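Observations on the model geometry
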Amino acid sequence: MASKLDALNRWVDEVARLTQPDRIHWCDGSEAEYQALVELMLDTGDLTELNPATHPNCYLHRSNPSDVARVEHLTFVCPANAEDAGANNHWMAPDEAHRKIDALFAGCMKGRTLYVVPYCMGPIDSPLARCGVEITDSPYVVANMRVMTRMGEAALARIERDGGFVKGLHSIGDLDPAKRFIMHFPEELTIKSIGSGYGGNALLGKKCHALRIASWQARQEGWLAEHMLILGLESPQGEIHYVAAAFPSACGKTNLAMLIPPAAYPGWKVWTIGDDICWMQPGPDGRLWAINPEAGFFGVAPGTSRSTNPNALAMLDHDAIFTNVAETADQQPWWEGLPEGKPARDWQGRDYDPANGPAAHPNSRFTVSARQCPSWSPRSEDPQGVPISAIIFGGRRESLVPLVFEARDWKHGVLVGAAMGSETTAAATGAVGVLRRDSMAMKPFCGYNFADYFAHWLSFDRPNAKLPKVFHVNWFRKADGKFVWPGFGDNMRVLEWIVGRCKDAVGAVETPIGNLPRREDLNLAGLSLSDAQLDLLLGVDREGWAREYAGIAEYLDSFGERTPAALKQEHARVRDELAAAPAAPPRAAVG
Ligand code: SAT
Ligand code: MN
């Protein structure tokens, strides 16, 4: 088979000449094809079958122990002009990058099958969706792409109609970390990745296309490609508000997207549209309309349990791929935080021994179709997307940052997003728990200069725009080494306040960092939080924030002359307000 699109056929020929595969397989995305891939991987040992009685059609993949997370130091964004990549990216000149990585691709598919994987990010008929083709020599990648994207015939038909597509070339190479690169050529709408078979390094539709390349396209075309979950919050009256929320990798986006309201919220429901990526565009009504470009979840397993995320657990007992989790004696998947069962073999397949560290790798993952989620929203398939009422930014902050605050307007909201910081997690290789600035949770994923990105965000504030309100949350505040806020389902209380603010139906108090709920503005029924804990969660430490804003100034300056003056002015406004002694007790904000 080949396609009706010459440009695609020519590219496949060109890649085959370079990589020298034994066979070429054009993926149609069918169930039969998926089953054949699974059989093949069971034969080669790439997959093992999990307990078919408890987990039908579930498989375990163990990756190479040196290949367990995204590798940011080997990820490059390569526009012709280094300034366009910005201080937030590693840059290499495009011709040098092509030369370097093509040398590694030469002959790398000898003895292997080259899979051509057409995929669509977003509902097939959505004007907001975009397509790509990934060429890969990894059947594991093909199987994951089938779950994570609309992959196969329908995508190919759209590509032939559109005439254009993002090119992604991937090979696991020999998995040598010294010969591993993930390179992006935004001006050519091209991705080249070699040497890793893991997650965002290898499933090119996800971080490489839907964030790095898409963010570049979005800037040119006037939309936003963001690292955000999308959920719908339905009230007992049946009113649904859609919210998009940006958190760094492994900070609980999946749990929040699938939240089940606590007992204090009869009649409320959370609908899941997406857990990782959000593409949004101003509609004719001035609001931002959003789609989830993905069709599945590639979620962090450890910590997922019936108490933290019952919806996730319910979708994981059939038709799922697990990567680097542990196994019980009767071949059920297991990870830290799961109270049922105990590990017999660890993520490397060794007999479990606590001396070897956790049984499941801290970045172990599940891959599952979004439709298996009990809270999956049928609006996920709406070609127009859903209208966004609120944007939430958040990170892991043990100290200083309160439970929630509201930005006073869009410009302030962009500053709040740009200033985001978070303590690092196991989702990327490197030290865990170190505070780093991670603007809009896009530090590893923005395909261009952050200074230009901030300007792009600011540009949405134009006449007739009906922009979402912007908020910042922090579920991770600690005292005496323990989390103060219960989190998970109880985050519903914060979501309710947020939606209340969007409807002008609930109060707040104005402070220099933004508007915070007073105790009486939050539903705290059924929680046992002391006065001291509430002060911690809902208070503003002016001196601490003054220091934080000094750090933010340095950070904004690190992007040089392109940093928008409007953002610096906004920073100066908040800084000056923080420095001014509070003349009177903080004012209650109207409505
Ligand atoms: O490995 S992925 O990049 O897909 C997961 C993540 O970092 O969010
Ligand atoms: Mn992510």
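First, a word on what this report is: a plain description of the structure on this page. Keep in mind that this is a model prediction, so the values were computed, not measured.

**Quick word on the side chain of S439**
Its place among the elements puts S439 in the loop between strand 25 (435-437) and helix 12 (450-458). Judged by relative accessible area, S439 falls into the buried class, the value being 0%. A distance of 2.6 Å separates a polar atom in the side chain of S439 from the backbone oxygen of A418. Leave out the neighbours within four places in its chain, and S439 touches G417, A418, M420, F450, F454 and Y555.

**Examining the coordination of the manganese ion (ligand 2)**
Of the protein atoms, only K207 (NZ), H227 (NE2) and D276 (OD) coordinate the manganese ion (ligand 2), at distances of 2.0 to 2.2 Å. Of note, the donors binding the manganese ion (ligand 2) are all from one chain and are spaced K-x19-H-x48-D. In this pair, H227 sits in the loop between strand 11 (224-226) and strand 12 (228-234) while D276 sits in the loop between strand 14 (269-274) and strand 15 (278-282), placing the two residues 49 residues apart along the sequence. Across this residue pair, the class does not change: H227 and D276 are buried.

**A closer look at the packing of helix 15 (residues 542-557) against helix 16 (residues 565-579)**
Axis separation between helix 15 and helix 16 bottoms out at 10 Å; the angle between their running directions is 160 degrees. The pairing of helix 15 with helix 16 is recorded here as roughly antiparallel in orientation. Considering how the two elements wind past one another, helix 15 and helix 16 form a crossing that is left-handed. Contacts between helix 15 and helix 16 involve R542, W545, A546, Y549, I552, A553, L556 and D557 on the former and, on the latter, L567, K568, H571, V574, R575, E577 and L578. Residue composition of the contact of helix 15 with helix 16, by class: nine nonpolar, one polar and five charged.

**Notes on the environment of F76**
In this fold, F76 is placed in strand 4 (residues 75-77). By relative accessible area, which is 12% here, F76 ends up buried. Taking the C-alpha atoms as reference, F76 lies 30 Å from I273; in sequence the two are 197 residues apart.

**Observations concerning the nonpolar core**
By size, the foremost hydrophobic cluster in this structure holds 86 residues, and its most contacted members are F393 and W457. Judged by nonpolar contacts, the second largest core, of 36 residues, contains F247, L259, F476 and A508.

**Here we look at unusual backbone geometry**
The phi torsion at L175 lies on the positive side, around 60 degrees, for a residue other than glycine. You will see that M440, though not glycine, has its phi angle at about 50 degrees, which is positive. Following the sequence through the fold, M440 ends up in the loop between strand 25 and helix 12.

Definitions and limits used
Residues numbered from 1 in each chain as written. Chains lettered and ligands numbered in written order. Predicted model: local features only at pLDDT ≥ 70, side-chain atom pairs only at ≥ 80, totals over all residues. Heavy atoms only, no water. Helix = DSSP H or I, 4+ residues; strand = E, 2+ residues; numbered from the N terminus. Buried < 20%, exposed > 50% of the residue type's maximum accessible area, 1.4 Å probe, protein only. Polar contact = N/O pair within 3.5 Å; in protein donor to acceptor, adjacent residues only side chain to side chain. Contact = heavy atoms within 4.5 Å. Donors = N, O, S within 2.8 Å, 3.2 Å for Na, K, Ca; no water. Axes fitted to C-alpha atoms, helices over the stretch in contact; angles between N-to-C directions. Parallel < 35°, antiparallel > 145°, perpendicular 65-115°, else oblique. Left-handed = near helix turned anticlockwise from the far one by under 90°. Nonpolar A, V, L, I, M, F, W, Y, C, P; charged D, E, K, R; others polar. Core = buried A, V, L, I, M, F, W, Y, C linked by side-chain atoms within 4.5 Å.

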